[in-house]
Amino acid sequence: MNKTMLGYVPKESPIYAVHPFVKLYFLLIVSLFPMFVAAPEWNFLLLVIILVLMVISRVDIRIVRIYIPVAISMGSIILISYTILGGRHPEFQVIFNLFGLPIYWERVRDALVVYFRILPMIATMVFFLSTSRERDIIVAMRTIRLPFVVTYVFAMALRAAGMVLEDFQIVRQAEQARGFDTTGKPLTYKIRKYIMYMIPLFALSLRRSEEFTNALVARGYAFTGEASRVKRADYILTHYSFKPHDAVFTALITLAFVALLVARYGLNYFGLDDSWFIQWLHAVLS
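Residues numbered from 1 in each chain as written. Predicted model: local features only at pLDDT ≥ 70, side-chain atom pairs only at ≥ 80, totals over all residues. Heavy atoms only, no water.

Caption draft 1: Local environment of the packing of helix α5 (residues 105-131) against helix α11 (residues 276-285). At a minimum axis separation of 11 Å, α5 and α11 run at an interaxial angle of 145°. Crossing angle aside, the handedness with which α5 passes α11 is right-handed. Of α11, the residues touching α5 (which contributes W105, V108, R109 and L112) are F277, I278, L281, H282 and L285. Its residues assigned to classes, the contact of α5 with α11 comprises seven nonpolar, one polar and one charged. (Axes fitted to C-alpha atoms, helices over the stretch in contact; angles between N-to-C directions. Helix = DSSP H or I, 4+ residues; strand = E, 2+ residues; numbered from the N terminus. Left-handed = near helix turned anticlockwise from the far one by under 90°. Contact = heavy atoms within 4.5 Å. Nonpolar A, V, L, I, M, F, W, Y, C, P; charged D, E, K, R; others polar.)

Set out below in structure tokens:
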């Protein structure tokens, strides 16, 4: 098993045959697809395709279950924001009244459109983080010849986020080892205790920052001065080669994005007027 940023993936996974740049390119381009698609059923199909790719890549699907409560709460917030907190619009169609507040069909429709646009974006990010290691992101950024400073800052941000999660688990386990347990406690009590975690986490972050600084100085790295102008060989890139199938995948992703733009703005596809789901829901709610 190889540790990724969101879990573990077997070494035999076919995802490791793909160049890290292709995975990063997939994330950047496919994440834009829902922005040009208004019909919820097409965005749902994209969500299913991404889940299928996760299964093919042998990603533990149990990772997805962690985000189900997040998706439900996010959908509830979007629906409430668009319907109850959306204000009064006499020009819209009223479906029913909730405690004297009119619920408009147009606001429910817009909430669904936004929600089904966000879901595949989240799934794409989860797929990328579940199949990528920190080294993969660095290789992808160095492949397109980004400056060392940009690559380093981005890599340190990702590594720091992972370390904060690890430190959080260490603090939790230290409390449990001392007999502290929040099971059965009120929600306000748990929130108050979680806020107190910020003190040891902040202290650990400062300590790790000093360790990073000392490690960089010991290796002769610097962002300014004479050392910053020294050209260093990218030894890590020698372990990754851009193969023909990587070029094919990159071309397919690009062609899919171009085809989407042509279909959306040239042929007027993927709009709400052609959405059978919106038409069916409108008929049911009306």
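After that view of the structure, there is still more to cover.
Caption draft 2: Geometry of the packing of helix α1 (residues 20-30) against helix α6 (residues 134-143). Where α1 contacts α6, the axes come no closer than 8 Å and their chain directions differ by 90°. Comparing the axis directions of α1 and α6 gives the class roughly perpendicular. On the side of α1, the interface is formed by P20, F21, K23 and L24, while α6 contributes D136, V139, A140 and T143. (Parallel < 35°, antiparallel > 145°, perpendicular 65-115°, else oblique.)

Caption draft 3: Spotlight on the layout of surface pockets. Each pocket or cavity is described by its volume, and for the second largest pocket that value is around 740 Å³. Looking at the second largest pocket, it is lined by 26 residues, and the ones nearest its centre are F26, V30, I49, L53 and I253. When contributions to the lining of the second largest pocket are tallied by element, the ones reaching two or more residues are α1, α2 (40-56) and α10 (244-266). Of the residues forming the lining of the second largest pocket, the biggest block, eight residues, is contributed by α2. Class assignment for the residues of the lining of the second largest pocket results in 23 nonpolar, two polar and one charged. (1 Å grid on protein atoms, 1.4 Å probe; cavity = no way out; pocket = protein on both sides within 12 Å on 5 of 7 lines; lining within 4 Å. Points joined across faces, edges and corners; volume = space filled by probe spheres on them.)

Caption draft 4: Just the side chain of N2, in detail. Its place among the elements puts N2 in strand β1 (residues 2-4). On the accessibility criterion, N2 (16% relative accessible area) is buried. Sequence-distant contacts of N2, defined by excluding residues within four places in its chain, comprise G7, Y8, V9, K11, Y16 and R133. (Buried < 20%, exposed > 50% of the residue type's maximum accessible area, 1.4 Å probe, protein only.)

Caption draft 5: Quick peek at unusual backbone geometry. Not every positive phi belongs to a glycine, and N268 is a case in point at roughly 60°. Given the relative accessible area of 53%, N268 is considered exposed. Although it is not a glycine, F270 adopts a positive phi angle of roughly 65°. Looking at where F270 falls in the secondary structure, it is placed in the loop between α10 and α11. Relative accessible area serves as the criterion here: at 18%, F270 is assigned to the buried category.

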